[in-house]
Amino acid sequence: MNYPKDYLSFLVHFHGTRDYFECHEILEEYWKDTAPKERDSHWVGLIQIAVALYHDRRGNNQGATRTLAKAIANLRSKKVELQQLGLDPEELLNLLQNTYARMLSKKPYESINLPITDQELTVQCQAICSQEGYIWCTDSDMANLSLIDKHLKRDRSDVISERARQLSLRKNRGPLLRVVLYFCSHGFKLLHICQGSFPYIHLLLILCQDIAPLEP
């Protein structure tokens, strides 16, 4: 069985480094590349498991239980997809339910191992761990703060910049949309706008595309 490379990396970090933040990053990129519009994808469910454990290990009980509940609800209907990933759906759901119960009782974090049924998949992941110097199915190093609080050390400048850009676009589109609606309400035809000056044509482009307004 050939599995996606990113899925293998997810399993290696999930069991070999317990780097749940990296698990999230790897599988989120894969999900965005393969099925970005499927918010209920099984990939999202696996991502949510990693995120829940990341919160749990940091003592964020509310975030952990809320996220794991979403993962359980998602994966309960994804048994075929889980089997295709070399996992036992029933064992996985039982594991998640038990983990959820532990979280609700506010007991300390515990590392978990996903129920892999494909022996070849296990061997493949173990080989990667050996090459990278990881120990397969090792418990999390609770003294490793750089691992536990990894999100605090992440360079988020690109994310912040993109959010600012999107906010700017929304602010610019709002007044322009009102201008177009004004024209339409007063009987202007789209043809008249297109036959007008360049600024009106650019106005339509701004409304249809994520582009920044031209400099004056």
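A quick note: this is a predicted structure, and the numbers were derived from the prediction, not measured. (Residues numbered from 1 in each chain as written. Predicted model: local features only at pLDDT ≥ 70, side-chain atom pairs only at ≥ 80, totals over all residues. Heavy atoms only, no water.)

## Some remarks on the overall build of the chain
When helices and strands are tallied, the chain shows 11 helices and zero strands. Traced from its N-terminal end to its C-terminal end, the chain shows the element sequence α-α-α-α-α-α-α-α-α-α-α. Sequence separation of 24 or more characterises 66% of the internal contacts of the chain that already satisfy a separation of 6 or more. Looking at the chain as shown, the accessible area adds up to about 12,900 Å², and 53% of this sits on carbon and sulfur atoms. (Helix = DSSP H or I, 4+ residues; strand = E, 2+ residues; numbered from the N terminus. Contact = heavy atoms within 4.5 Å. Areas by Shrake-Rupley, 256 points an atom, 1.4 Å probe, with all protein chains shown as cover.)

## Describing the packing of helix α4 (residues 61-75) against helix α6 (residues 89-104)
Taken N-terminus to C-terminus, the directions of α4 and α6 make an angle of 160°; their axes are 10 Å apart at the nearest point. In terms of orientation, α4 lies roughly antiparallel with respect to α6. As α4 runs across α6, the sense of the crossing is left-handed. From α4, Asn61, Ala64, Thr65, Leu68, Ala69, Ile72 and Leu75 reach across to α6, where they touch Leu92, Leu93, Leu96, Gln97, Thr99, Tyr100, Met103 and Leu104. Looking at the contact of α4 with α6 residue by residue, the classes come out as 11 nonpolar, four polar and no charged. (Axes fitted to C-alpha atoms, helices over the stretch in contact; angles between N-to-C directions. Parallel < 35°, antiparallel > 145°, perpendicular 65-115°, else oblique. Left-handed = near helix turned anticlockwise from the far one by under 90°. Nonpolar A, V, L, I, M, F, W, Y, C, P; charged D, E, K, R; others polar.)

## A word on the side chain of His24
With respect to the helices and strands, His24 occurs in helix α2 (residues 20-34). When residues no more than four places from it in sequence are discounted, the contact partners of His24 are Ile47, Ala50 and Val51.

## Concerning the confidence of the model for the chain
Summarising the model, the chain shows a mean pLDDT of 85, and 75% of its residues fall at 70 or more. Taken as a whole, residues 210-216 scores under 50 in pLDDT and shows 15 contacts with residues more than four places along the chain or in a different chain. (pLDDT = per-residue confidence, 0-100.)

## Details of helix α7 (residues 119-132)
Count 3.6 residues to each turn of an α-helix, and residues three or four apart come out pointing the same way. With 14 residues, α7 should cover 20 Å at 1.5 Å per step; its first-to-last C-alpha distance of 20 Å lies within 8% of that length. Where α7 is buried, its residues meet α1 (5-17). Between a side-chain oxygen at the N-terminus of α7 and the backbone nitrogen of Glu120 the separation is 3.0 Å; the capping residue is Asp118. Following α7 by one or two positions, Gly133 has its phi on the positive side, about 85°. (Expected span 1.5 Å × (residues − 1). Polar contact = N/O pair within 3.5 Å; in protein donor to acceptor, adjacent residues only side chain to side chain.)

## Remarks on the pattern of salt bridges
Note on pairing: side chains with opposite charge can pair once their charged atoms come close. One pass over the structure, following the stated rule, counts five salt bridges. When the shortest N-O distance is used, the salt bridge between Asp56 and Arg102 registers 2.7 Å. Of this pair, Asp56 sits in helix α3 (residues 42-57) while Arg102 sits in helix α6; the two residues are 46 residues apart in sequence, bridging distant segments of the chain. We note a salt bridge from Asp149 to Arg58, for which the minimum N-O separation is 2.8 Å. Here the residue Asp149 occupies a position in the loop between α8 (145-148) and α9 (157-185), and Arg58 occupies one in the loop between α3 and α4, the gap between them amounting to 91 residues. (Salt bridge = Lys/Arg side-chain N within 4 Å of Asp/Glu carboxyl O.)

## Points about the nonpolar core
In this structure, Tyr7, Phe10, Phe14, Leu46 and Ile49 are the most contacted members of the largest nonpolar core, which totals 43 residues. Of all the elements in the fold, those that place two or more residues in this core are α1, α2, α3, α4, α6 and α7. Every residue in contact with Leu46, bar those within four places of it in the chain, is listed here: Tyr7, Phe10, Leu27, Leu75, Leu82, Leu85 and Leu87. (Core = buried A, V, L, I, M, F, W, Y, C linked by side-chain atoms within 4.5 Å. Buried < 20%, exposed > 50% of the residue type's maximum accessible area, 1.4 Å probe, protein only.)

## As for α2
The terminal C-alpha atoms of α2, which comprises 15 residues, lie 21 Å apart, in line with the 21 Å expected from a rise of 1.5 Å per residue. Of the residues making up α2, those classed as buried are Tyr20, Phe21, Cys23, His24, Glu25, Ile26, Leu27, Tyr30 and Trp31. In this structure, the buried side of α2 is in contact with α1 and α3.

## Considerations on the environment of Pro89
Among the structural elements, Pro89 can be located in helix α6. The exposure class assigned to Pro89 is buried, which follows from its relative accessible area of 6%. In the structure, Pro89 is positioned 25 residues away from Leu114 in sequence and 10.0 Å away in space, judged by C-alpha atoms.

## Quick look at the packing of aromatic side chains
Following the criterion strictly, the structure yields seven aromatic pairs and no others. Judged by centre distance (5.4 Å) and plane angle (65°), the rings of Phe14 and Tyr20 are edge-to-face. Given a relative accessible area of 1%, Tyr20 falls into the buried group. Aromatic ring contacts, followed pair by pair, group Tyr3, Tyr7, Tyr30 and Trp43 into a single cluster. Taking NZ or CZ as reference, Arg57 lies 5.9 Å from the ring centre of Tyr109, over its face. (Phe/Tyr/Trp six-rings, centres within 6.5 Å; stacked < 30°, edge-to-face > 60°. Lys NZ or Arg CZ within 6 Å of the ring centre and 35° of its normal.)

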